[in-house]
Every structure is written in structure tokens, then in C-alpha cells.
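Here are the chains, one letter per residue:
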Amino acid sequence: MFSSLQLRKRDKFFFTLLLIGFLIKYNYFNWYIFNVPSLSILLLKNVIVVLAFTLLYGIVLRNKKRKIFTLVIYLLFFLFFIANLYYNRYFGNYLSLTDMIMGQGIRPFRVLTRQLINWWLDLLLVFDIPILIYLTYKAKPETPKLKNSQFSRKSLLKNNFILVLIIIILFFSQLLYSYSLFPADNFMELFNHSTPAFVNVYGILPLYLAEYQQLRNKRERAKENTAEDLEVDLSKVETEKELSAEENIKNIKNVIVIQLESMDAKLIDYQYNGREVTPFLNQLKDKSKYFSDIYAHHINGSFDAEFSFLTSLYPINRNYAFRSNDMREFNTIVNVLRQDNYNTYAFHGNKEGFFYRDKGYLEMGFDRFYSREDFSVEEGIVGEDTYLGINDYDLFDQSVEYLKTAEEPFFSIFITVSSHTPFNFYPEEYEVEEFAEIETPIVRDYFNSMYFVDNSLEMFFEKIKESSLMEDTLFVIYSDHVADINKEEYRSGDNFANHRNIKEPEHIPLFIYHQDIEPEVIAKSGSHTDIAPTILDLMGYPEKPEEFLGVSLLKDLENPLLFLHEIPQIIYKDQLYIRVPAGPEEEIKFEKISYKKSTGDLNIELPENEKERLNNTINYMQEVMNSFLSE
């Protein structure tokens, strides 16, 4: 016995429920959100938590005011947990300080209720809250004490001292054991190398302290680094410079790139009730080079797609590139084409500052950035506007007028918005009758949204034809990421046999169209990083810039695909691997965790030379993104 309180059944129930609720959330946090690598360390921490609760229960239950204070602290922890839970379900990472400070993502309540809530599991995670509130409300002002003759003050102090001593011994034993598993020279070195290992050793709150320290260091660091100053030699990470030179389309004067919002590769040729969701894109596929095995870099937000495409590099977690980095330090396809006298334009229906695109596009050297202020709802054909910006139909329609007056040759990129989650931004007149029978609202709205976007693209292509720009223009269309819908009637993913809480690679479409291109379906695996080298290949460039880490999708060579989540992921020959969380002094290991269902589990391992290059690339991108910083 560690308290002199005479506990009622209601008090015991309150304390037991509080402990069980905390343990459920604490372990879910560690095991599913942070993917801690050592179960034994986690179990030892659970023992420490139970003993700490045992030590504190006399303090917590002494009176109603302390119960209220304890409940408030627990509710704050619960809100912190829920925020991480839903962020993790969408991005596959934890909610970092960087996201809290810099994030501009649109997550209205409808997204939460339609897309992110898992009702049965979430009930298990929240069931204790209303009960604890009720018990606190009904609590008596004071909890009576046991008679002094039964438990002397001296014996209580002795028992509590023994318990405190046990907790201290277990705590330091856990730390020593953790250090032996994940050795590192210091606190920050382990944080920079592996956040799962860091959480396993130090815990969740110290992780945020470490990130705060990292952010402070970034602000204080002088922006003087160049590629030659990086610790990882570029020669150890670069891919083949030579492009294929197999299909040089000679009369490419202009390049129009369109980044579609939330389009799944699965939608191409997809029908519901006999009605195609994207009839125009289905027709365009038959006239294009269509790449059927492309995956998105969706680490922090949609802007990762642009960053990866324009720089042919890998975005990293906890980094908003257009805000945090000086984009003048990066070589981009914009720079490459500007050197050949291309004019460069960007078009986006939202405000220019959304996700810091105004800063990023200016630093990358775009000649003009057309944003929400450059388009008119009043003069639009559809004439609808939302908090995401002008609708895609009017964006494309009014942009044609800008392109007609643009000085050729030009390179332009369009960022669409109308098919953004929760997918209810399409005009009512574009609702498809055949989709009305879909019971799940988010699936019905998603199909209608993509049908509207498809119509907008068809109109855009027709207007380009009328303007005589078509014959000299190369069109590139891809998606920023998938819709992330997981319902019985439709699933965006479910391509991999994934049995762990690891974000499934996001399968997106990629079209490259020119009137003189040889149409074909190319099954080579690739990502956003590979699109710019492929464009340069089609335009007849013999080599890509050495800073570009992507490869041309027209080459036969198949390199592993890298995605820099908190736990880096690799796709190689339809098998999914992760870099196993470890200390910086440990041997780097890669573990196969899944495979594409259509291919099956193949007995394939990553080549040793690729393991080294991948690890060097991970370190290189960390160095680059933490070196080329904005003031």
C-alpha cells in the first residue's frame, strides 16, 4: 500500500481506467505512429509507467481539484495523441513541430469524418474520455483517509521510497540498454539519424525538444554552404548522366506540365455503372506514352510533388522546401530551360502564398507566377470559387489567353485544385447520373470531382488546338498524390500486401503527349523525381544535370525508388523495403516488408551496391535540405 487514502470503488475505477487509457494510447503512439524498433524497451517503459502511476495515485485521488487537474492534463495528452493519429493516417509520419509551425494544409471537419476516422478503432481509443469526465464530475470534494493505526506515516514514506528507488533503477537500466542497442555520440545525432530509434531511447516529449533545437540551429546557421561543402560526395549518390537519346522529338517548342490534385492511377480506364470517370484522359492515354507504375513523393504535402519534379530530388520529412530552403541553390528544370532561352510560367488557382509557392517559384526563376489574383470568377464560365481557389475549368480557360500572348519557347506548370479532399468542390451541373447510386459520399464526390477535372482538361486541350499551340507543345500530366480513399466501394491503394503501419506507396498516373510521339504503355517503375530527366530526354538533351538524382523513364535501367518518410521506403522490382531504424554507428540494414499483390512475394534482395548508394542518398538529401536554408 502506497497511500493513506481510503479509496472508494469509484475512485479505484477512475484510477484504473486512467491507467488503461493512457497505456493504450502510449503504446499505440510508440508502436504504430513512431514504429519503435525494440519491443523489449517499450515493455520496460510500460513497467515504469505502471509503477509511476502507482506512486502517484494517492496524490491524484486526494481531492476533486486534483482529479480535475489530472483530467485536464490527460485531455491535453489525448488531443496531442489524436492530432498525431490523424496526421499519421494521411501522411504516414508523426505530426512534427515543423508541420505545426509551417503547415497550411486544408483539413476541414468533413475530411476527418469522411476520410480519416476509423470508427471501431477510434471508439477503443476514446471510450475512456466521457467516463473519466463523468467520474470527475461526480467525485466527492475529499477522499477520506485510513486510520493512522493501520498505516503509519513512517511506513508509507518507506514504501514510497522503495518504489521511487525501483523506478529510478528501471529508468536508468532502460537507458543503458537502449544506448547499447542504438549507440550514438550525442542526443542530436540519434535524432538526425532515426526518429524511431530516438523515441525508443528517450521518449516522445524529448523528440519534440530535439526538433525544437534543430529548428533553432537552422535559424542560426549561416547560409554559406554549397554542394562542395556537403559531407556526402555527390559522386556517391548520382545516377547515370546519359539520357537514352532513343526518341528525340524534334519540334518541341513549348512544354506544358499539369499537376493534377489527388488523382489515383486506378481511375484510368475505371468505370462505374458503365460510365468512365475520366473519359478524356482514357482517350489521351491511347495517344501518349503512358507510364503505368509511377509513385508519388507525398511526405509533407502536395508541394513535395512540385519540388521533386522541378529539382529531380527527394523531399524529406519535416521540411517545407519552398519555405525553409533557398531554392536558388538548387538546379531545376526551370534553370536548364532558361539557359536555352525558354520563358517560364507557373499557374495556380489558389493564392500565391499557399504553401509558400510565391517565394519558391520566385527563387527558382519563373518569369511569371499566375495565381488566384490573376483570374476572375465573374468572367468565368463555371464561375465558382472556394477557399482552395478558382475552379479548374476557369483556371484552364483563362490561362489559355495568357499562353497565347506568351513569348515562345515557353515552359509552364499548372497546379490544379478542384479535386482536393473532401472532393466536394465540383459544380452541381457536373454530377454524373450513373454515380448517384454510390452510397459512400466521399467516393461519389471523388468520382464527380475527377469527372469535372477531366472535362476541364478536355476543354483546355481543345482551346490549345484552336490557338495553334498544339503542334509544337509537349504535354506532361501527372498527379501530386492519391486520393487516399479506403472504402468498400473504392480504394485508392490496396496495391501492396502491407501488414505494418507503413504508408503504402502512392500509385499515380503519368502521361506524356505530343502529336508526333509514339504511343505506348511503359511499365517501368518511377517517381516524380524521374519526370524532369524524361522530359529532357524527349527534347534531345544528351545528359541530365549532375544534381538531378532521377533517371529517364525511357532508359531500360531499373533503379530502386526511394521515399524519405521518417522511416525511408524503397521499391525495387515490385518489392517494398524499409531502412531499419538504428543508431548512427550501427550497420545499415534494409528489410523487405511488403510486395505488390499483382506480382507476389519474390525472393529478391536489394543489390549491395544499391544499398550503399541508397544510404548515401538519404544522408545526402538530409545534408542538402539542412544546408541550403532561407534566411
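Please refer to the structure placed before this passage.
What you see is a predicted model, and the numbers here were worked out from it, not measured in a lab. (Residues numbered from 1 in each chain as written. Predicted model: local features only at pLDDT ≥ 70, side-chain atom pairs only at ≥ 80, totals over all residues. Heavy atoms only, no water.)

**Observations regarding the side chain of threonine 98**
Working step 1: Along the polypeptide, threonine 98 turns up in helix H4 (residues 97–102).
Working step 2: In this structure the side chain of threonine 98 is engaged in a polar contact, spanning 2.9 Å, whose partner is the side chain of glutamate 211. (Helix = DSSP H or I, 4+ residues; strand = E, 2+ residues; numbered from the N terminus. Polar contact = N/O pair within 3.5 Å; in protein donor to acceptor, adjacent residues only side chain to side chain.)

**Looking at helix H2 (residues 39–60)**
Every α-helix winds through 3.6 residues per turn, so residues three or four apart in the chain are directed the same way.
Working step 1: Between its terminal C-alpha atoms H2 stretches 30 Å, which fits the 32 Å expected from 22 residues at 1.5 Å a residue.
Working step 2: Its maximal kink placed at threonine 54, H2 deviates by approximately 30°.
Working step 3: Buried within H2 are the following residues: Ile41, Leu42, Lys45, Asn46, Ile48, Val49, Leu51, Phe53, Tyr57, Gly58 and Val60. (Expected span 1.5 Å × (residues − 1). Bend = angle between axes of the 7 residues up to and from the residue. Buried < 20%, exposed > 50% of the residue type's maximum accessible area, 1.4 Å probe, protein only.)

**Details of the packing of helix H17 (residues 392–404) against helix H18 (residues 441–466)**
Working step 1: At a minimum axis distance of 8 Å, the contact between H17 and H18 shows a crossing angle of 15°. Our classification of the angle between H17 and H18 gives roughly parallel. H17 and H18 meet at a crossing whose hand is right-handed. Residue-level inspection shows Asp392, Tyr393, Phe396, Asp397, Val400 and Leu403 of H17 in contact with H18, the latter providing Phe452, Val453, Asn455, Ser456, Leu457, Met459, Phe460, Lys463 and Ile464.
Working step 2: Across the contact of H17 with H18, the residue classes break down as 10 nonpolar, two polar and three charged. (Axes fitted to C-alpha atoms, helices over the stretch in contact; angles between N-to-C directions. Parallel < 35°, antiparallel > 145°, perpendicular 65-115°, else oblique. Left-handed = near helix turned anticlockwise from the far one by under 90°. Contact = heavy atoms within 4.5 Å. Nonpolar A, V, L, I, M, F, W, Y, C, P; charged D, E, K, R; others polar.)

**Structural notes on the packing of aromatic side chains**
Working step 1: For the coordinates displayed, the defined rule picks out 64 aromatic pairs.
Working step 2: Seen from their ring centres, phenylalanine 29 and phenylalanine 34 are 5.6 Å apart, and the 20° between their planes marks the pair as stacked. The two residues phenylalanine 29 and phenylalanine 34 agree in class, both being buried.
Working step 3: Pairing tyrosine 270 with tyrosine 490 gives two aromatic rings, centres 5.4 Å apart and planes at 85°, and the pair type is edge-to-face. Here the residue tyrosine 270 occupies a position in the loop between strand S1 (254–260) and strand S2 (271–272), and tyrosine 490 occupies one in the loop between strand S10 (473–479) and strand S11 (507–513), the gap between them amounting to 220 residues.
Working step 4: A relative accessible area of 2% places tyrosine 490 in the buried class. (Phe/Tyr/Trp six-rings, centres within 6.5 Å; stacked < 30°, edge-to-face > 60°.)

**What to know about a nonpolar patch on the surface**
Working step 1: On the surface, Ile68, Phe69, Val72, Ile73, Leu76 and Leu79 cluster together into a nonpolar patch covering about 590 Å² of accessible area.
Working step 2: Following the sequence through the fold, phenylalanine 69 ends up in helix H3 (residues 64–91). (Patch = residues over 30% accessible without salt bridge, like charges linked within 9 Å, V, L, I, M, F, W, Y side chains within 5 Å. Areas by Shrake-Rupley, 256 points an atom, 1.4 Å probe, with all protein chains shown as cover. Salt bridge = Lys/Arg side-chain N within 4 Å of Asp/Glu carboxyl O.)

**Considering the pattern of salt bridges**
Working step 1: All chains considered together, the criterion is met by 24 salt bridges.
Working step 2: Lysine 596 is paired through a salt bridge with aspartate 293; the nearest N and O atoms lie 3.0 Å apart. Of this pair, lysine 596 sits in the loop between strand S16 (590–595) and helix H20 (608–625) while aspartate 293 sits in strand S4 (residues 289–295); the two residues are 303 residues apart in sequence, bridging distant segments of the chain. For the residue pair lysine 596 and aspartate 293, the accessibility class agrees, reading buried in each case.
Working step 3: Its salt-bridge partner being arginine 357, residue glutamate 306 comes within 2.6 Å of it at the nearest N-O pair. Of the two residues, glutamate 306 is situated in helix H13 (residues 303–311) and arginine 357 in helix H16 (residues 357–364); the sequence distance between them amounts to 51 residues.
Working step 4: Relative accessible area serves as the criterion here: at 0%, glutamate 306 is assigned to the buried category.

**Examining the nonpolar core**
The nonpolar side chains of a soluble globular protein tend to be buried with one another.
Working step 1: Judged by nonpolar contacts, the single largest core of 75 residues is most densely connected at Phe309, Phe411 and Ile535.
Working step 2: Ranked by residues supplied to this core, first place goes to H20 with six residues.
Working step 3: Here phenylalanine 411 is in contact with Val255, Val257, Phe309, Leu310, Ile333, Val334, Leu337, Tyr342, Asn343, Thr344, Tyr345 and Phe366, once residues within four sequence places are set aside.
Working step 4: Counting residues in hydrophobic clusters, the runner-up holds 56 residues, among them Tyr345, Phe347, Phe447 and Leu469. (Core = buried A, V, L, I, M, F, W, Y, C linked by side-chain atoms within 4.5 Å.)

**Observations regarding the sheet that holds strand S5 (residues 343–348)**
Working step 1: The strand order across the open sheet formed by eight strands is S6-S5-S9-S1-S10-S11-S4-S12, and the pairing between neighbours is mixed. Pairing within the sheet leaves two strands with one partner each, and these edge strands are strand S6 (368–370) and strand S12 (520–527). Averaged over neighbouring strand pairs, the angle between their axes works out to 15° when direction is ignored.
Working step 2: Sheet topology note: the S1/S10 ladder contains seven bridges and is parallel. Considered in S10, the bridge of valine 255 is made with leucine 474.
Working step 3: Along the sheet, H18 contacts S1, strand S9 (410–415), S10 and S11; its crossing angle with S1, the most-contacted strand, is approximately 170°. (Pairing = 2+ DSSP bridges.)

Purely geometric numbers; function is a separate question.
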